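# Architecture and fold: a report
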Amino acid sequence: MKARVHVMLKNGVLDPQGEAVRHALGAMGFDKVDGVRQGKVIDLDLADDATEADVTEMCEKLLANTVIESYSIEMQG
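Please read these numbers as outputs of a predicted model, since none were measured by experiment.

Our focus in this paragraph is the environment of Val5. Examined against the element boundaries, Val5 turns out to sit in strand β1 (residues 2-9). Since its relative accessible area comes to 0%, Val5 is described here as buried. Spatially, the C-alpha atom of Val5 lies 32 Å from that of Gly29, the residues being 24 residues apart in sequence. Residues contacting Val5, with those up to four places away along its chain left out, are Lys40, Val41, Ile42, Leu44, Val55, Cys59, Leu63, Tyr71, Ser72 and Ile73.

See the structure below:
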């Protein structure tokens, strides 16, 4: 069993890394980018009996700072 967790800063939270990427893209001539939000992807190899609830608990306790980040989970058989 595998799970993929996408973690992103919540809307309204400043994203200095995303802004740095947007600025660098503009400097390289990619002037059609109005904004960048940068996040992270976490791939987990899980035991066969793991559930989405288990992964949710992992996110809530460690993988995401739920004060400023949101997350989504994709379970893969």
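This next bit is on the environment of Asp45. The residue Asp45 is located in strand β2 (residues 39-45) in this model. For Asp45 and Tyr71, which are 26 residues apart along the polypeptide, the C-alpha to C-alpha distance reads 18 Å. In contact with Asp45, other than residues within four places in its own chain, are Met1 and Lys2. Reaching out from Asp45, the side chain makes a polar contact with the side chain of Lys2 at a distance of 2.6 Å.

Spatially, 3 strands are ordered β2-β1-β3 in an open sheet, and the strand pairing comes out antiparallel. The outermost strands of the open sheet, each flanked by one partner alone, are β2 and β3 (69-76). On average, adjacent strands in this sheet sit at an angle of 15 degrees to one another, irrespective of strand direction. Of the strands in this sheet, β1, β2 and β3 are in contact with helix α2 (residues 52-63), which crosses β3 at around 150 degrees.

For the rest of this paragraph, the subject is the pairing of β1. Of the two faces of β1, the one lined by Ala3, Val5, Val7 and Leu9 is fully buried and the one lined by Lys2, Arg4, His6 and Met8 carries no buried residue. In the sheet, β1 pairs with β2 via 7 bridges, with the strands oriented antiparallel. Opposite Ala3, over in β2, you have Leu44 as the bridge partner. One ladder, built from 8 bridges, connects β1 with β3; its direction is antiparallel. Bridging across to β3, Val7 finds its partner in Tyr71.

So, how was this worked out
Residues numbered from 1 in each chain as written. Predicted model: local features only at pLDDT ≥ 70, side-chain atom pairs only at ≥ 80, totals over all residues. Heavy atoms only, no water. Helix = DSSP H or I, 4+ residues; strand = E, 2+ residues; numbered from the N terminus. Buried < 20%, exposed > 50% of the residue type's maximum accessible area, 1.4 Å probe, protein only. Contact = heavy atoms within 4.5 Å. Polar contact = N/O pair within 3.5 Å; in protein donor to acceptor, adjacent residues only side chain to side chain. Pairing = 2+ DSSP bridges. Axes fitted to C-alpha atoms, helices over the stretch in contact; angles between N-to-C directions.

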